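Structural features, examined
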Amino acid sequence: MKKVGLLLINLGSPAAPTPAAVGAYLREFLMDEKVIDVPAALRWLLVHGVIVPRRKHQSAGLYRNIWMVDEGAPLLFHTRALAEALRPRLRDSYVVEIGMRYGRPSIAEGMSKLLAADVARILAVPLYPQYAESSYETAAIAARAAAGEQGCADRLAFLPPFYDRPEFIAACAIRVREHRTEFAPDHLVFSYHSLPERHIRRLDATRRHCLRRADCCEEIRDVNRSCYRAHCVATTRAIARELGLSQEAYSLSFQSRLGRAAWLGPQTEDLLRELAARGIRRVSVACPSFTADCLETLEEIGERARRVFLDAGGHELRLVPALNDHPAWVEALALFLLNT
């Protein structure tokens, strides 16, 4: 029997930690209408005239801080390592390739390799646990477009967001538990990539629920089944239950805000200042919206957020490593796939 093609999709990284390469990456990323959801002409002016010229040099410096000497971009390295770890686990059933939503190898390139292996069908796995239009949905759109161009649209399917899958929650809990054997924090922060609040509200067909009620994310229902914030709340509570944490032992926050619009909060840096003011001295930060370590985990949390916490009076902040290619995550993905 022919095998199934497995396409692991992640965000992507610049080709090099240089202003030119970072600028090219940012233009591709930020020109996506699902990322900056304003009219095309305004988006072009913002990206090409304001954001990229201002950010490409600064961001190149940040990428240089985390760039791996031999392996390059951490996100790409960890995604490749995950694919390598999955191949022997799934060798009788799947052919595994990767594709980046922005940069290379592209989704189209990964799909082309699978088709060259003569797979029966292709299962795309956007490596985003929680659903958002600017992450999961844009990856799905790009994969459908590539499949249409390569004549395999009828063979393409997707693994749904897995924010509450027991296998994913267990893998996250194992990662945190291992971290806590080396560092015993006073408090655990779950930090997620933030989104503009309008991204949340526009998926609420009732226009009366999401971010309009204090309890809007307390449970997943039809009205908020695709709500990113509700998914983040569900993931946090599930991991906390798996770890046996009390409500006072952890907090949820959001990071990576861009622009002046209203974004999901509380902001992680604001929360860290508050924790330090309360006398919390040792903090661990886990980032369950990122399955692979990248700029947002290694630099934004591991470096910048750490400095914020120390400057506010905290004593130590440590980043919980992402799932990357941890054996528990490899096994969780294998179980997803073999049970799909």
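Residues numbered from 1 in each chain as written. Predicted model: local features only at pLDDT ≥ 70, side-chain atom pairs only at ≥ 80, totals over all residues. Heavy atoms only, no water.

1. Things to note about the overall build of the chain
The condition is simple: Secondary structure follows DSSP: runs of H or I at least 4 residues long count as helices, runs of E at least 2 residues long count as strands, and numbering of each begins at the N terminus. For the radius of gyration, the atom set is restricted to C-alpha positions; the globular benchmark scales as 2.2 Å times the number of residues to the power 0.38. Each residue is placed in one exposure class: buried if its accessible area under a 1.4 Å probe, protein chains only, is under 20% of its type's maximum, exposed if it is over 50%, and partly exposed if it falls in between. We call two residues in contact when some of their heavy atoms are within 4.5 Å. Accessible surface area values rest on a Shrake-Rupley calculation with a 1.4 Å probe, where residue burial reflects the displayed protein chains alone. Counted as positive: Lys and Arg. Counted as negative: Asp and Glu. His and the chain ends are not counted at all. Charge positions are represented by NZ for Lys, CZ for Arg, CG for Asp and CD for Glu.
Each helix and strand counted, the chain has 11 helices and eight strands in total. Taking 20 Å as the expected radius of gyration for a compact globule of 340 residues, we find that the chain reaches 20 Å, a close match to that expectation. When the backbone C-alpha atoms are referred to their principal axes, the chain occupies close to 60 × 50 × 45 Å. Residues classed as buried in the chain amount to 53% of the 340 residues present. Pairs at least 24 apart in sequence give 74% of the contacts found in the chain among residues at least 6 apart. Looking at the chain as shown, the accessible area adds up to about 15300 Å², and 50% of this sits on carbon and sulfur atoms. Each charge class in the chain was averaged separately, 45 positive and 40 negative side chains, and the resulting centres sit 4 Å apart.

2. Focus on the nonpolar core
We apply this condition: Nonpolar core, defined: a set of buried Ala, Val, Leu, Ile, Met, Phe, Trp, Tyr and Cys residues in which side-chain atoms within 4.5 Å join the residues together.
Ranked by internal contacts, the top residues of the largest apolar core, which has 74 residues, are L6, L8, V125, L188, Y228, V283 and W329. In terms of nonpolar packing, the next biggest core, distinct from the first, is built from 34 residues, L11, L30, A142 and C152 among them.

3. A short note on a nonpolar patch on the surface
Here is the rule we go by: Within this analysis, patches are made of residues with over 30% relative accessible area and no salt bridge. Like charges are joined at 9 Å or less; nonpolar side chains (Val, Leu, Ile, Met, Phe, Trp, Tyr) at 5 Å or less. Salt-bridge detection follows one rule: a side-chain nitrogen of Lys or Arg within 4 Å of a carboxyl oxygen of Asp or Glu.
A cluster of nonpolar side chains, L42, L46 and V50, forms an exposed patch at the surface whose accessible area comes to about 200 Å². Considering the arrangement of structural elements, one finds L42 in helix α2 (residues 40-66). Accessibility expressed as a relative area gives 41% for L42, which makes it partly exposed.

4. A closer look at the sheet that holds strand β7 (residues 282-286)
Going by this rule: When DSSP locates at least two bridges between a pair of strands, those strands are taken to pair. The axes are straight lines fitted to the C-alpha atoms, using for helices just the contacting stretch, and the angles between their N-to-C directions are given from 0 to 180°.
Strand order in the open sheet formed by four strands is β6-β5-β7-β8, and the pairing between neighbours is parallel. Every other strand in the sheet has two partners, leaving β6 (250-255) and β8 (316-319) as the edge strands with one partner each. On average, adjacent strands in this sheet sit at an angle of 25° to one another, irrespective of strand direction. Bridging between strand β5 (residues 187-193) and β7 involves four bridges; their strand directions are parallel. The partner of F190 across the bridge, within β7, is A286. Its contacts with the sheet put helix α6 (residues 166-182) on β5, β7 and β8, and the angle it makes with β8 is roughly 145°. In the packing of helix α10 (residues 295-311) onto the sheet, contacts are made with β5, β6, β7 and β8, and the angle to β8 comes to roughly 170°.

5. Structural notes on the packing of aromatic side chains
Rule in force here: Classification of ring pairs uses Phe, Tyr and Trp, with its six-membered ring standing for Trp, and accepts pairs whose centres are within 6.5 Å; under 30 degrees between planes counts as stacked, over 60 as edge-to-face, and the remaining range as tilted.
If you walk through the whole model with that rule in mind, you get 11 aromatic pairs. Note on F162 and W329: the rings are 5.5 Å apart at their centroids and 40° apart in plane angle, and the pair reads as tilted. Pair noted here: F162 is in the loop between β4 (156-158) and α6 and W329 is in helix α11 (residues 327-338), with a separation of 167 residues, a long-range link. Judged by relative accessible area, F162 falls into the buried class, the value being 0%. Accessibility expressed as a relative area gives 0% for W329, which makes it buried. An aromatic cluster of three or more residues is present, and its members are F162, F168, W329 and F336.

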